[in-house]
Amino acid sequence: MLLSTTSALGVWAFVERNFRAARRYWGWEIAWLTYSVVNVLAVTYIAPGARELTGTPLSDVELLTVYLLIGTLVWAFLHEVFDMTAFMVSWERWEGTIEYTFMAPIRLATMLFGSSIFSVVYAGIRALVVLGLASLFFDLDLAGANFVTAAIFLAVGSIGFLGFGIVAATLPLMYVERGPQMTIIVSATLLLVSGIYYPISVLPGWLQAISWISPARYVLEGIRAGILDGLPVTELWGTLGPLALISAVAVPIGIWIFSLAAKYAKKTGRLKRSG
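About the thresholds
Residues numbered from 1 in each chain as written. Predicted model: local features only at pLDDT ≥ 70, side-chain atom pairs only at ≥ 80, totals over all residues. Heavy atoms only, no water. Axes fitted to C-alpha atoms, helices over the stretch in contact; angles between N-to-C directions. Helix = DSSP H or I, 4+ residues; strand = E, 2+ residues; numbered from the N terminus. Left-handed = near helix turned anticlockwise from the far one by under 90°. Contact = heavy atoms within 4.5 Å. Nonpolar A, V, L, I, M, F, W, Y, C, P; charged D, E, K, R; others polar. Patch = residues over 30% accessible without salt bridge, like charges linked within 9 Å, V, L, I, M, F, W, Y side chains within 5 Å. Areas by Shrake-Rupley, 256 points an atom, 1.4 Å probe, with all protein chains shown as cover. Salt bridge = Lys/Arg side-chain N within 4 Å of Asp/Glu carboxyl O. Buried < 20%, exposed > 50% of the residue type's maximum accessible area, 1.4 Å probe, protein only. Core = buried A, V, L, I, M, F, W, Y, C linked by side-chain atoms within 4.5 Å.

*Asks:* Lay out the packing of helix H4 (residues 61–86) against helix H8 (residues 147–168) in plain terms, naming residues and giving numbers.
*Replies:* Here H4 crosses H8 at 35°, and the two axes come no closer than 8 Å. Along this stretch, H4 crosses H8, giving a crossing that reads as right-handed. The segment H4 lies against H8, with Val74, Trp75, Phe77, Leu78, His79, Val81, Phe82, Thr85 and Ala86 engaging Leu154, Gly157, Ser158, Phe161, Leu162, Phe164, Gly165, Ile166 and Ala168. In terms of residue class, the contact of H4 with H8 is made up of 13 nonpolar, five polar and no charged.

Pasting the structure below:
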């Protein structure tokens, strides 16, 4: 009982620590929130814009609008989960606390779990704000949408992205200067192969092959099936199954890789503060 209570307090400590860090840089939070809203609107307006540019009416502008809106909103959420998890090491370096954190008498899994909880909650709140603001610009009929299906796929996919984020967090841990840039490359690759703005079938074959390991691919397929077609989860096991498998494997592998990187960083002095 004492051990579980101590672990819970440790998890909450990292949730609170990350919240305070985000609050400290509130100016950046407003800037990135504004960027997210504008990005969602800019991409979604491609649907009605295509009708104006081509001079011919699209068969279903609303369908394309919802398709793009789902893609941008889901990516905004999943990317934020990935980003907040992957950049936790960079935050530690900026704050000058990375040495103390990794030398503290606390389990590595506790630190990762606390940071992960914050990432999901933070990304969820931010996505809801973006959705609320974006909905003011579009009049969409979603009466037949199955939001339960969408919620299930988003929840399961978040776990998979946490695993990818934990793996990516090893990059700024191992490479002080180039690590954050390398993390952005990983995120951009997932954006390309996941079918955020277009069907995966339009990609070259070798990129389609890479897309099979991206949890975002299955999340988008499931959510679009639920929102656009109103399908229940019971008809989407072929999509939910691979997503659940990737999510179940990604987190343990991510923790294992990060633990190896942390041991190596301690041994080689890569936790030393600079600047």
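The structure having been displayed, the exposition proceeds.
*Asks:* Please provide a residue-by-residue account of a nonpolar patch on the surface, values included.
*Replies:* Together, Tyr45, Val121, Ile125, Val129, Leu133, Leu136 and Phe137 make up a nonpolar patch on the protein surface, roughly 660 Å² of accessible area in all. Locating Phe137 in the fold gives a position in the loop between helix H7 (108–134) and H8. Under the relative-accessibility criterion, Phe137 is labelled partly exposed at 46%.

*Asks:* For the nonpolar core, give the residues involved together with the corresponding values.
*Replies:* One recurring pattern in soluble globular proteins is that nonpolar side chains are buried together. Counting 33 residues, the largest nonpolar core has Ile70, Val74, Leu78, Phe161, Ile223, Ile227 and Leu243 as the members making the most contacts within it. Going through the elements one at a time, H4, H7, H8, helix H12 (215–229) and helix H13 (237–268) are the ones with two or more residues in this core. The leading source of residues in this core is H4, at nine residues. Ignoring any residue separated from it by four or fewer positions in sequence, one finds Phe161 in contact with Trp75, Leu78, His79, Val81, Phe82, Leu190, Pro215 and Ala216. Counting residues in hydrophobic clusters, the runner-up holds 14 residues, among them Met111, Leu112, Ala169 and Leu173.

Keep in mind these numbers describe shape, not what the thing actually does.
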